[in-house]
Structure formats: C-alpha cells, structure tokens
Amino acid sequence: MAEQHAHAAEHDDHDHKPHGWRRWVYATNHKDIGTMYLIFACTMFFIGGAMAMVIRLELFKPGMQFVDPQFFNSMTTMHALMMIFGAVMPAWTGLANWMIPLQVGAPDMALPRLNNFSFWILPFAFTLLLSSLFVPGGAPAGGWTMYPPLVLQNGASFPMLIFSIHLMGASSILGAINVVVTIMNLRAPGMTLLRMPLFVWTWLITAYLLIAVMPVLAGAVTMLLTDHFFGTTFFTAAGGGDPVMFQHIFWFFGHPEVYILILPAFGIVSEIIPTFSRKPLFGYEAMVYATASIAFLSFIVWAHHMFTVGMPLAAQLFFMLSTMLIAIPTGVKVFNWTTTMFRGSLTFEPPMLFAIAFLFLFSIGGFSGLMLAIVPADYQYQDTYFVVAHFHYVLVPGAIFGIMAGVYYWLPKWVGNMYDQTLAKWHFWLSTIFVNVLFFPQHFLGLAGMPRRIPDYAVQFTDWNMVSSIGGFGFGLAQLLFPYLIWKCVKSGERVVGNKAWEGAHGLEWELPSPAPYHSWGTPPSETMIARGAAH
Amino acid sequence: MIRAKMAQFAKLAAALVLSFAGSLPAHAESGWGLLNMTQGVTEISRKIYDLHMEIFWICVIIAVIVFGAMIWSIVTYRKSKGAVADVTLVHNTKVELIWTTIPVVILVFMAVPAARTLVEIEDTTKTDLSIKVTGFQWGWQYDYLDSGVAYFSRLDRKSDAARELMSGIDPTTVDHYLLSVDKPLVVPVGMKVRLLITGADVIHSWWVPAFGVKKDAIPGFVNEAWFKVDTDKPGLYRGQCAELCGRDHGFMPIVVDVRSKADFEAWLKDKAAEQKQAAAPPAAAPDVATAAAAG
Ligand SMILES: [Cu+2]
Ligand SMILES: [Cu+2]
C-alpha cells in the first residue's frame, strides 16, 4: 500500500502531458480545462466590454451621434448575454475546475471527458451568438430577458439566439453536474462537508441552483421557438396564451441566476479575508447556512422583477416580503466578514484590496436591492437607471471583483510566479475609482426619471450621463492591465518560494508546491494537512 | 482613547451624511441637481417619495454603522501597526443571534408602511373618469371611454427631427427634447382618473413619475391604474415608456396636460364635437384636402 502511494507520488512529478493542440482539444486535465475556461471568459469579457463602450459612447451626450437605435438595442442585449453567460459564468466554472480538486484533495474532476465537452460547447455557442451581428436584421435586440412578443420580432437572429442559449445552458448543466459529483465523491478521506473551504461550499450550492434552473430557461426559450415557428401560442394572448407567463418562467430562472453569478464570489471573499486578516473566518457554519438560505429564498422571489405587470395585491405583498427576507442571511455574511477583520492582523495585497472593495460596493448594491423590494417605491424605480446602477453594483464590484480577487489570490499557485503587485494595485485603484464614477451617478439618473434601455435622452440627464461615460471609458481601459499583468506573470514573474504564496494562507491548495503539479493529489492529503487547512 | 476615537468618528460620519443630505434638494430642475425621486403632484406619489426616503435613511444609518465597523477594523488592526490576530475569535452565538434579529425588526418597520401604501394604490374603485391607454410601436392611443373622444399621441415633430442619426440639430435647442408630444393626454385636477392600460403589439409601460404611476401595457390584457392630481397643481407632466418595445422605445414620451375641471370639461366637449364632425359624412361634394386632414 505504502509502496503504491510512493509510486503515485513519483508519478505526480512526471507531469507528462500531451503537447501541441491535442493538449487543449482533447483536454481532460482539470487545470488545462480551467485555464481554457478562464481565457475564454476573459475574451468574452472584453468583447462584452467593447459593447458597453459603444453604449456609453452613444449616451455621452443627447442626440444620436454614432449608432442606429436598433443597433443600440442589440448592444444592450448582447452586452448582457456576453457578460452573464460568456464572462462571469465561465469564469466561475474555470475557477471551480482549477480549485475544487485542489481544495478537496481530489486528483481531478470526477468526469473529465464531460468536462472537456462542457467547455468545448462554449466557443460554438458564442460564435453562433456573435455571428448574429452579421445576419439580416442584426443581432437580437429585444433585451437579454427576451420578453415576447418583442423578441419574436427579431429577424434571422432569433433562432440563433435560442440555439445559442440552449448550448450555453447545456454547458452550464454539465459543468454543474461535474462539480456536484466531484464534491460529493472525490473528497479526500477526512475532508468532511463541514471542513470544506467556503469556495467549495458556495460552488456546491451554485451547482444545485444551475441544475435546477437552467432547464427552466431552456424550456422557456423552446416555447418561444415553437411560438415563432410552429404556430403554438404559449405567450400570445390572441391564441389563449399569456405574455406575462414568459416573464414568470424567465425570472424563475432569472433570480436564482443572479445568485449563480454571486455565490462563488461570496466563497472567494470568505477565503481571502481570513488569509489577509491572519485569522479564521468568523462564523463558518453560519456562512454555510446563510448561503443555503439565500439559495432557497432565491426560488420564491422571482416576481420582484415584474411588480409593474399588474399582479394581484396578495402576490405583490408576498414577493415584497420574501425578497426583504434575503437581507437577513446577506446581512449575516457581511457582518461575519467584518468581524473576521476585527482584531485581525491585516495586510493589503491585491486580493485583499479587491475583497474589501467587494465588501463595501456589494453592500451598496444590497441596499439598493432592499429599496427595490419595496413595491410602491419600485413602481418608480422599475426599468430606470436606478435598477441599472443596482445590478451593476452587484455584478461588477460584486461578481467581477470576486473573480479578479480569486485570480490574484491563486495565480501564484497556478503559475508558480508572483505577479507585479504594484501594477495590480494600480489595476485595483483605477477599477475601484472608475467603477463608482461609472455606476454611482446612474442612481441619480434613475431616480430623476431616466428609463433604461434608451439610446438617447432628455437634455437634463446630460451631466450625469457624461460623468458615467467617462467612468465607463476609464474602467474599460483599466481592465487592459489585467491580461497584461497575467501575461507578464507567466513570462517573467518572480518564483514563488515554498507552498504558500501568502503568509496567512490556509487550505489544501497551499499544501501543494507552486506551481501546482500537473497531476496533483494522486496521493490523498494526510489528515494533518486537512486539519491544518480547515477554515475553523 | 477608543471612546474618544469613536466620538470623533461618529462626528465625521454625521457630517458626511448631512452634507450628502444637503445635496438632495426636493425639487431640482436640471443637470447636476437632479439627484432624487420627484415628490410628484398626487397624494400617492408623495407617499411613495416618503417611503423611498424612509428606506433610504434606514440604509444610510445601517451603512454608517457597518461601513464604520469595516473602516475601523481596517484602520486599527493593521499588521504594519503591530496588530496581532486574535485567532480565538471565531464564533459568538449571542452576537450572531443579535445581528440576525435586529434586521428582522427593521424589515418589519419597512414592510408595514409599504404594505399600507400598496393597498391604497391597488384600490381602483370609485373613480370619476376612465381612459383607455393603448401602447403601440411607437406612441400612445387615448380613448375617453365615457365621451368617445379618442386620439393618438406621438413624439412631437421637432424632437423627431432632432433625434435622427447625426441630424445636425442641437437637442438643447429643442423645447423639452424627447419629452414632448403632438397631442398630450388631457385630464382634470382633483378627480380620480382611472387608466385601463393595454398594448397593441408588444409590451410597453406607461410611466409618469409625478403621478407615481408605472404600469405595463400588455397585449391581450388590461391593467388598471389611477391617479388624482392635487387641485392646486394643474400643468404639464412628462414621462416615458418604461418597457423596452423595439427600435423607437426611447422615443415614445408621455405628456399629461392637467387642467382645472372647468377647462377640462370645455376641452372634452370641443374635442367630442370636433370628432363627431370629422366622422360625419360631408354634406357637400367631398373636398379632397379636408378629407385627407380628417383622415
Ligand atoms: Cu431577483
Ligand atoms: Cu417602450
């Protein structure tokens, strides 16, 4: 037995892997697939970002200067689809691929070939979606929410949109199945559920959300497809259908989707803050239960996205109250993170900076979220820039900063080199300043009465739109530092000495050498390693 | 020492909040001063505004406390200042129970007035006047159900010319750019006006911030909404379609011309007569020009 283990350990060091294109196309190694996911996500982030730049450019001042309104609508629609399904979700799956096996002491993901398949679906899905920009009638322009009857007015791009959503959904479901099976079956002996790092916990819960709601989205868009091509009338009142039913189905997917985008960020922040506070996470179990409650609540709040559609009073009250309840577990999380820093020994390396910005700015998004739950006030906020400001606060300094914090945290482990921390701090400060210049004024615009998804506006909205656009350009440019930093780190970073890249780091990934060997945990980690790494 | 610091911090926080509050004028006309929701001109819109401000201030207070604790920790417990981590601080049932319970109480404080206002908003009984509003791509149709008066309302010509791609017309020279229409909706002050809102093609949303009314116009369904403008607040009130409805979604404003009861009655009578005349068969040989105008 001991001999076998020794042999396995030796095997680890060999790192033999296929070379050239085969390594990537036939990839079954979780690290290679994770890398591909992350590069893919980064590419989509910049394409989606370029679309945002078109939006902010047109909105820089009143009057139509650059694009046709229809193209503007395509930009808002495609920007959302690219960022949600192309950038944030694949980035999380990439991080899950890289980190979950390392963190639970597994040699790889449980289903490596499925893993390859779920990644390689994505380039096809997004090529299909992006090529719709070049078909007659232009790209989808009915909003990423795809409300009928409007979405049915799209031309040739309509079936492309539906099919690409099917592909993205299939990819996410397969990825989620892989995460669940890995966590449930491949944990090292001694790695009990309540010893798992929070990134693993939040991803496990996210994976269940994905498996629960992606089929709902697939069903909804399939009903659109048959309405359009096969004469069904699910969503057409003239045939006995109901356009509002689509909204109910869509948001039954859509609200859990919001948590799919943010829960892994909760996990990452829960790893980073203890590391740089040199102190265990406060209230580990409360964090797990809070995450689970948020996930449960996410299934019973969907209609808060549609308070203006004309629901019965009782339904509006129910959805208002259930939505407000989410503030409780979310509050618990924020208080726990704060208390983790309390009486710690803090240092402010780039991952910690991003995590702290996350704490503040995500909370602002949380506050505006609470305001949006209040139905009468929501009648004024709904479909205005106040909503745009709200969800961008949650998604940019929330989800995206979470991803960046994670990359800055684990990059030395992946590459074996430390990145240029000074430059990373520049990236942090520029991003944090500009993200506020970009999105904070949008609260004012929304409250003052500017609807969202409009290509042009009344002149009194000019000042804050200009500020917002300047923030947008600044934020967009600052992001170019990110791939440059990573590239520089890979090419010429300083070698990381030892297993830990950070003084206060705990967890199984830091028990492995840097860079993490191509095949890791062929021999399961010892009980002492697991105990040393456990978060509490 | 700590207490002195806390007091200092509290003072600073109070100053910050007050300066922010000072920059929130209740009524600002344009540009930089446009920061907050309008109080509007109906009882409901004022209640919504109060609700909005109540939640806003609750959020500000919570933010000051929570952000204060974060900043306090970040400033105080730096390794560079020699802070040593207290690794035993991992769990405290009492504290955790407290910060789970307090938010529940705060939420109840928010939910009760919100629910009350909502019940009022949903009460569409005892209305004085009913108008059917139909959203179409891209404009609004208004039908006065009791008098048969009906007409379309679209973006006015000047705005429409200026909003063309690279029109060369400076939007600042256009009166109420994108917020003016050819024929506004005319309603009386002091009467409970019921709107029956529907859509002709896709979903639109009828929104006038000053009335606190936003309701989706959905094809095949009729939504109800109502407003009652203060008797001392006649005037023009502007809004826009609030639900993405295709290419010209940004160009289907709403203007409501609120008049005194007498003025409104007179207008409605004229309008009814005008429409009857236009609809009646011409007595003499049809004049091509007037027929075209009537059509
Ligand atoms: Cu939601
Ligand atoms: Cu519209």
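Residues numbered from 1 in each chain as written. Chains lettered and ligands numbered in written order. Predicted model: local features only at pLDDT ≥ 70, side-chain atom pairs only at ≥ 80, totals over all residues. Heavy atoms only, no water.

## Some thoughts on the interface of chain B and chain A
Consideration 1: Contacts between the two partners involve 89 residues from chain B and, on the opposite side, 97 residues from chain A.
Consideration 2: For the chain B face of the interface with chain A, the top three residues by lost area are B:Trp99, B:Leu244 and B:Arg247, together amounting to 9%.
Consideration 3: A salt bridge links B:Asp86 to A:Arg343; its shortest N-O distance comes to 2.6 Å.
Consideration 4: Taken together, the elements giving at least two residues each to the side of chain B that touches chain A come down to α2 (43-76), α3 (93-121), β7 (213-217) and β9 (235-241) of chain B.
Consideration 5: Here the side of chain B that touches chain A takes 16 residues from α2(B), the largest share from any one element.
Consideration 6: In terms of residue class, the side of chain B that touches chain A is built from 54 nonpolar, 20 polar and 15 charged. (Contact = heavy atoms within 4.5 Å. Buried area = accessible area lost by both parts, 1.4 Å probe. Salt bridge = Lys/Arg side-chain N within 4 Å of Asp/Glu carboxyl O. Helix = DSSP H or I, 4+ residues; strand = E, 2+ residues; numbered from the N terminus. Nonpolar A, V, L, I, M, F, W, Y, C, P; charged D, E, K, R; others polar.)

## A few points about the coordination of the copper ion (ligand 1)
Residue and element names in this part refer to chain A.
Consideration 1: Within the first shell, the copper ion (ligand 1) binds the protein through His255 (ND1), His304 (NE2) and His305 (NE2), at distances of 1.6 to 2.0 Å.
Consideration 2: Donor residues for the copper ion (ligand 1) sit on one chain with the sequence pattern H-x48-H-H. With His255 in helix α8 (residues 243-277) and His305 in the loop between α9 (284-297) and α10 (313-325), the pair connects residues that are 50 residues apart, well separated along the chain. (Donors = N, O, S within 2.8 Å, 3.2 Å for Na, K, Ca; no water.)

## What to know about the packing of aromatic side chains
Within a pair of aromatic rings, the relevant descriptors are the distance that separates the centres and the angle that separates the planes.
Consideration 1: Taken as a whole, this structure holds 62 aromatic pairs over all chains when the rule is applied.
Consideration 2: An angle of 85° between the planes, with centres 5.3 Å apart, marks the rings of A:Phe235 and A:Phe246 as edge-to-face. Residue A:Phe235 is located in the loop between α7 (198-229) and α8, and its partner A:Phe246 is located in helix α8; the two are separated by 11 residues in the primary sequence. Of the two residues examined, A:Phe235 and A:Phe246, each falls in the buried class.
Consideration 3: Taken together, a centroid distance of 5.0 Å and an interplanar angle of 90° make the contact between A:Trp464 and B:Trp32 edge-to-face. (Phe/Tyr/Trp six-rings, centres within 6.5 Å; stacked < 30°, edge-to-face > 60°. Buried < 20%, exposed > 50% of the residue type's maximum accessible area, 1.4 Å probe, protein only.)

## Let's talk about empty space enclosed by the protein
Residue and element names in this part refer to chain A.
Consideration 1: Applying the stated criterion across every chain yields a total of two cavities of 30 Å³ or more.
Consideration 2: As for the largest cavity, its lining consists of 17 residues, of which Met89, Pro90, Thr93, Ser172 and Leu210 are closest to the centre.
Consideration 3: Among the elements of the structure, α4 (69-104), α6 (157-185), α7 and α8 are those that each provide at least two residues to the lining of the largest cavity.
Consideration 4: The residue inventory of the lining of the largest cavity, partitioned by class, reads 12 nonpolar, five polar and no charged.
Consideration 5: Looking at the second largest cavity, its volume works out to about 50 Å³.
Consideration 6: Residue lining of the second largest cavity: Gln103, Met191, Arg195, Pro197, Gly507, Leu508, Ile530, Gly533 and Ala534, and that is the complete set.
Consideration 7: The residue makeup of the lining of the second largest cavity, split by class, is five nonpolar, three polar and one charged. (1 Å grid on protein atoms, 1.4 Å probe; cavity = no way out; pocket = protein on both sides within 12 Å on 5 of 7 lines; lining within 4 Å. Points joined across faces, edges and corners; volume = space filled by probe spheres on them.)

## As for the pattern of salt bridges
Consideration 1: All chains considered together, the criterion is met by 19 salt bridges over all chains.
Consideration 2: A salt bridge links A:Arg195 to A:Glu527; the shortest N-O distance between them is 3.3 Å. Taken together, the residues A:Arg195 in the loop between α6 and α7 and A:Glu527 in helix α18 (residues 527-533) connect sequence positions 332 residues apart.
Consideration 3: Assessed through its relative accessible area of 25%, A:Arg195 is described here as partly exposed.
Consideration 4: For B:Glu122, the salt bridge is made with B:Lys215, and the minimal N-O distance between the two is 3.9 Å. Linking B:Glu122 in the loop between α3 and β1 (129-136) with B:Lys215 in strand β7, this pair joins segments that are 93 residues apart in sequence.
Consideration 5: A relative accessible area of 7% means that B:Lys215 is categorised as buried.

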